Amino acid sequence: MFSSAGGPRSGGAQLTLERDRPHGVATDRPKDDSTDPTVEIERPASAGPWLLEIASAEATEVVPLDEGRVLVLGSGPHADLRLSDPTVSARHCEVRIGRGGVEVEDLGSKNGVRLGSACLRSLLFAGEGTSFVIGHTSITLRSRPAEDDALVDDGPFVPGLVGRSLAMRKVRREIARHARTRAAVLLQGESGTGKDVVAQALHALSGRTGAYVPLNAGAFPDTLADAELFGHRRGAYTGAVTGRAGAFELAHKGTLFLDEVGELSPAVQVKLLRVVEDGEVRPIGASDALRVDVRLVAASWARLDERARDGAFRADLFHRLSTVTIELPPLRKRKSDIALLSRVLLARLADDVGEKELTGAALARLLEYAWPGNVRELSAVLYRSAVAAPGAQIEAVHVVLPAEARSPSALTRATPERAAEILREHGGNTSAAARAAGVPRSTFRAWLARGVPPGDGQNVPNTATPPSDVVIHGRTATEGPSAAFAASPVFGAVVK
């Protein structure tokens, strides 16, 4: 049994593992699926081994799926994996490893097994990353990692960090391991993955007595870099009627979070390297240097190791900043966290939209999407969905996903050289073009303004890349596959 911080709520998904139940119990109701159409997506098979990430809005449990073992999921006493979700039938579905992959069979449940917009009788998965929904609970198939501790959710509480998926358990352990050290930390992850949240958590757990100072490196020009980073003294230049402390001085004995560090110009990189190496800053107009004790946390959506190899970022500065590197997973790699994230985000929006919660069908709609904008985009979609829902329940019909990410998109072919073309494709809308390219808007504007050297396009996160293997087969229970399901970039193929 498990529960999240704060205890389970009504309708949550507590899970009791009962591994020795008999499987001869009658199903809730029989179904004749002999005439059901078949949904096929051609993908190479994989043998596993597998894990099931079973998640609700309250908690997540990771369960091994062993070969030869049949697991019955349900809310009744005869289920192997018992969930307290009242929308799950007593014996809802069974999961097993078959010859072609992981097989999921509906056992005559009331609400069925949902994959995206379709309600299916059976599924065959050949690889990881795809989620299906029963009731208000999501089940995501994952490859079993080599580390034995991957199944143990022993990570400490990390302020601000939401999610107990395998990917986030790794992040939580990394934060706890390095928070109290003085080592510089580099956070790598796409825009919207929560790099600022992790930086604040590192500071909160560090025990440092100074301030947490965030600074966006892409937000100031080179002419202001010295003043922003190092500060100035009164009378240092015309108009400097008062002195001003720079970011390093403000963060003395604390943490300086330098966001989008990859956008710094070569000249500013040299100055930053000197401070990182010497621990001293010289404000503009000052005669003496100041010693500072600053824990530096840098972040970048671009791969700094690749930029360093290409000469676009100083290799010596990269090595100084990346003493510890923490990779933040995109939302499409941690879909079992979507239910919990949605609950937290909807609670934050309650003052504007009222108390809302997702139905199982709405959750399935969210799980089919690739989320190129990650958690930030999820928050925007939930806001629109909550406003569209007249009552307390957000139904699937209220969930409107961005059109450009549900059809063949510029995401799979975005390069800096194509920035102007992508902008034209989106009617001159810079924000939409940046989302389609999978990069921050400031970066996309920089592509347009000054261009990026050929070859640097490899740093663009390919947000539309689906899992290597996904759904092979599904038999429809109550409806045919929708157009949205057929074109979804999550599944990476069209439905035949």
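Summarised in this report is the structure supplied together with it. (Residues numbered from 1 in each chain as written. Predicted model: local features only at pLDDT ≥ 70, side-chain atom pairs only at ≥ 80, totals over all residues. Heavy atoms only, no water.)

Our focus in this paragraph is the sheet that holds strand β13 (residues 185-188). Spatial ordering of the open sheet is given by β14-β17-β20-β13-β21, a layout of 5 strands whose pairing is parallel. Strands with a single pairing partner mark the edges of an open sheet, and in this sheet they are β14 (212-216) and β21 (324-327). Averaged over neighbouring strand pairs, the angle between their axes works out to 20° when direction is ignored. Across 4 bridges, the pairing between strand β17 (residues 255-259) and strand β20 (residues 295-300) is parallel. Opposite T255, over in β20, you have R295 as the bridge partner. (Pairing = 2+ DSSP bridges. Helix = DSSP H or I, 4+ residues; strand = E, 2+ residues; numbered from the N terminus. Axes fitted to C-alpha atoms, helices over the stretch in contact; angles between N-to-C directions.)

Counting residues in hydrophobic clusters, the biggest one holds 30 residues, and the most contacted among them are F248, L256, L258, V261 and L264. Contributions of two or more residues to this core are made by β14, α3 (225-230), α4 (247-250), β17, α5 (266-278), β20, α6 (304-310) and α7 (315-321). Here the element with the most residues in this core is α5; it accounts for 4 residues. Judged by nonpolar contacts, the second largest core, of 29 residues, contains L340, V375, A386 and I394. (Core = buried A, V, L, I, M, F, W, Y, C linked by side-chain atoms within 4.5 Å. Buried < 20%, exposed > 50% of the residue type's maximum accessible area, 1.4 Å probe, protein only.)

Moving on to the pairing of β20. The element β20 is extensively covered by neighbouring structure, given that 6 of its 6 residues are classed as buried. Burial along β20 is two-sided: R295, V297 and A299 and L296, A298 and S300, pointing in opposite directions, are all buried. When β13 meets β20, the two strands line up parallel, connected through 4 bridges. Bridge pairing in β20 links L186 to A298.

Following the criterion strictly, the structure yields 3 aromatic pairs and no others. With a centroid separation of 6.4 Å and an interplanar angle of 15°, the aromatic rings of Y212 and F257 are classed as stacked. Remark: F257 occurs in strand β17 and Y212 occurs in strand β14; sequence separation between them is 45 residues. Ring centres 4.5 Å apart and planes at 80° place the aromatic pair Y369 and W371 in the edge-to-face group. (Phe/Tyr/Trp six-rings, centres within 6.5 Å; stacked < 30°, edge-to-face > 60°.)

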